[in-house]
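# Structural overview
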Amino acid sequence: MKNFGDDAVANVEARDLARSDPSAYRKKVESCVKESQRSVFVNDPGCTARFTEEQACHQVLRDLMHERLNDPATLTKNKILEMVREASRKKK
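These lines cover the structure that appears in this document, whether it is placed above or below.

### Brief notes about the overall build of the chain
- Within the chain one finds 4 helices and 0 strands.
- The order of α-helices and β-strands along the chain, N terminus first, is α-α-α-α.
- Its C-alpha atoms give the chain a radius of gyration of 22 Å, clearly above 12 Å, the size a compact globule of 92 residues would have.
- Here the C-alpha coordinates of the chain stretch approximately 60 × 30 × 25 Å along the principal axes.
- Across the 92 residues that make up the chain, the buried fraction comes to 13%.
- Within the chain, contacts between residues at least 6 apart in sequence are counted, and of these 22% link residues at least 24 apart.
- Computed over 18 positive and 15 negative side-chain charges, the inter-centroid distance for the chain is 7 Å.

### A word on the environment of alanine 87
- Assignment of secondary structure puts alanine 87 in helix 4 (residues 77-90).
- Along the chain, alanine 87 and cysteine 47 lie 40 residues apart, while their C-alpha atoms are 25 Å from each other.
- Not counting residues within four places of it along the chain, the set of residues in contact with alanine 87 comprises Cys57, Val60, Leu61 and Leu64.

### Side note on helix 4
- For helix 4, built from 14 residues, the straight-helix expectation of 20 Å at 1.5 Å per residue is met to within 8% by its first-to-last C-alpha distance of 20 Å.
- Listing the buried residues of helix 4 in full gives Met83, Glu86 and Ala87. Down the axis, helix 4 shows its buried residues gathered within 100° of arc, on one side only. Residues of helix 4 that are exposed and point more than 90 degrees away from the buried face comprise Lys77, Asn78 and Arg89.
- If you follow the buried residues of helix 4, they end up packed against helix 3 (56-68).

The rules behind the values
Residues numbered from 1 in each chain as written. Predicted model: local features only at pLDDT ≥ 70, side-chain atom pairs only at ≥ 80, totals over all residues. Heavy atoms only, no water. Helix = DSSP H or I, 4+ residues; strand = E, 2+ residues; numbered from the N terminus. Rg over C-alpha atoms; globule rule 2.2 N^0.38 Å. Buried < 20%, exposed > 50% of the residue type's maximum accessible area, 1.4 Å probe, protein only. Contact = heavy atoms within 4.5 Å. Lys, Arg positive; Asp, Glu negative; His and termini not counted. Charge placed at Lys NZ, Arg CZ, Asp CG, Glu CD. Expected span 1.5 Å × (residues − 1). Arc of directions from axis to C-beta.

Here is the structure:
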C-alpha cells in the first residue's frame, strides 16, 4: 500500500483514510479503479472516436500489423482495411 509522508497534501482525504482505516482505503481505491475502467468505454454521443472493450479480432489485428509492417512508410489505407477484414474473419 502507498505510504503517505507527513507532508503529503495532494490528497489529504486519501492520506488520512489510509492511515486511519487501511481496509476502507483499499476498498475506496478499488472502487475508483473499477469506475475508471468502466468509464473508458462510455462514448459521447456524436463523437467520431468509439472505444470498445477488446475483442479477439483486436489481438489478431495487432499480430498482423506487427508481422506485416516492417516499414510504416509503406502503410496504406487499403493495407489496413485488408488486415481488418482478415482479422474479422480469423476471430470467428
